[in-house]
Amino acid sequence: GYNIIVACGGDGTIREVVNGIYKTKATLAILPFGTSNDFAKHLGINSLHKSAVTLFEGEKKKIDLGEVYLISHGKKRKILFCSTSGIGFDGRLLKLNRSKYFLLVKRVLKNISYPLFGMFLVFFYKSNEIELKVKGRKIKTKLFMLNANFVKSMSGMKVTPHAGINNGVFDIFM
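Owing to the predicted nature of the structure, the values given are computational and were not obtained by experimental measurement.

Draft legend 1. Representation of the sheet that holds strand S5 (residues 84-88) within the structure. Strand order in the open sheet formed by three strands is S5-S8-S11, with antiparallel pairing between adjacent strands. Only two strands of the sheet have a single partner each, and these edge strands are S5 and strand S11 (171-173). The average angle at which neighbouring strand axes cross in this sheet is 15°, direction not considered. When S5 meets strand S8 (residues 145-149), the two strands line up antiparallel, connected through five bridges. Directly across from Gly88, in S8, lies its bridge partner Met145.

Written out as C-alpha cells, the structure is:
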C-alpha cells in the first residue's frame, strides 16, 4: 500500500478516507477543499499553503477515532469518525448534502451555508424520541441534537471549546 493518503475535501471526505485506511500503516494528509474544514482547522491547517507545508515538513500525530454503528435495512455497519458525529438536528442538516440544490448553494456560500440553512431548518425540525445507554443505564428522552466531538468548532461555531483530537475522550454537545 501507500505510505501517505491525501484527503482532498472536507470533514466528510476525511471521514471516508479514515474508514478506508483504518488498520493500515498509511498516514492521512489533508488538502482542505471542504465547506467548513473543521478537522483541518483544529490541526492548524487553515490554507492550502499550510497544508502543503505540513505534508512535506509536518510531523505525524496520532488521533482518536470514534466508532458508531448505523443500522439500516436490517444491516449493521461500523463507521469511524475523527471530527464529529451527530444525531438529530445536526444529522438532518447534513442530510441536505444529498440535495443538488443545497450543494449548489454550498459552493457559492461556502462556510456560512450550514449556519444559514440551520437557522431556516430550526423552525421546522421536530425532536426525536430516543433511548440512550450510558454506563448500562437507559435514558428515554426527546432529543434535539447530540454531537460527539473531537474538534472545538462546528462550521465556525465553538461548541466544544475543550475538545481534543488525541486526549482519549470526545466532548458531548446536546
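Draft legend 2. Highlighting the packing of aromatic side chains. Under the definition given, this model contains nine aromatic pairs. Arranged with centres 5.6 Å apart and planes meeting at 75°, the rings of Phe150 and Phe170 form a pair that is edge-to-face. Of the two residues, Phe150 sits in the loop between S8 and strand S9 (153-154) while Phe170 sits in the loop between strand S10 (157-158) and S11, which places them 20 residues apart along the sequence. We classify Phe170 as partly exposed; its relative accessible area is 38%. Put simply, the rings of Phe81, Phe150 and Phe170 pair up and form one aromatic cluster. Positioned above the aromatic ring of Tyr69 is the side chain of Lys76, whose terminal nitrogen or guanidinium carbon lies 4.7 Å from the ring centre.

Draft legend 3. Representation of the packing of helix H5 (residues 100-109) against helix H6 (residues 113-121) in the model. Where H5 contacts H6, the two axes come as close as 9 Å, and the packing angle between them is 130°. As the angle between them shows, H5 and H6 are arranged oblique. Seen from H5, the contacting residues are Tyr101, Phe102, Val105, Lys106 and Leu109; seen from H6, they are Ser113, Tyr114, Leu116 and Phe117. In terms of residue class, the contact of H5 with H6 is made up of seven nonpolar, one polar and one charged.

Draft legend 4. Representation of the pairing of S8 within the structure. Of all five residues in S8, five are buried; the element is thus mostly enclosed. Of the two faces of S8, the one lined by Met145, Asn147 and Asn149 and the one lined by Leu146 and Ala148 are each fully buried. With three bridges connecting them, S8 and S11 associate as antiparallel partners. Residue pairing for S11: Ala148 is matched across the bridge by Ile172.

Draft legend 5. Focus on the pairing of strand S6 (residues 128-134). In this structure, S6 lies alongside strand S7 (residues 137-143), joined through seven bridges in antiparallel fashion. Each bridged residue has a counterpart across the sheet, and for Lys133 the counterpart in S7 is Lys138. Here S6 folds back onto S7 in antiparallel fashion, the turn holding two residues, of which Lys135 has a positive phi close to 50°.

Draft legend 6. Spatial organisation of the side chain of Asp38. Summarising the element assignment, Asp38 is placed in helix H2 (residues 38-42). Not counting residues within four places of it along the chain, the set of residues in contact with Asp38 comprises Asp11, Ser83, Val151, Ser153, Met154, Ser155 and Gly156.

Draft legend 7. Layout of the state of the cysteines. Scanning all chains against the criterion turns up zero disulfides. Summary of cysteine pairing: Cys82 is not part of a disulfide, and the nearest cysteine sulfur, belonging to Cys8, is at 15 Å. Note on Cys82: relative accessible area 4%, which makes it buried.

The rules we used
Residues numbered from 1 in each chain as written. Predicted model: local features only at pLDDT ≥ 70, side-chain atom pairs only at ≥ 80, totals over all residues. Heavy atoms only, no water. Pairing = 2+ DSSP bridges. Helix = DSSP H or I, 4+ residues; strand = E, 2+ residues; numbered from the N terminus. Axes fitted to C-alpha atoms, helices over the stretch in contact; angles between N-to-C directions. Phe/Tyr/Trp six-rings, centres within 6.5 Å; stacked < 30°, edge-to-face > 60°. Buried < 20%, exposed > 50% of the residue type's maximum accessible area, 1.4 Å probe, protein only. Lys NZ or Arg CZ within 6 Å of the ring centre and 35° of its normal. Parallel < 35°, antiparallel > 145°, perpendicular 65-115°, else oblique. Contact = heavy atoms within 4.5 Å. Nonpolar A, V, L, I, M, F, W, Y, C, P; charged D, E, K, R; others polar. Disulfide = S-S within 2.5 Å.

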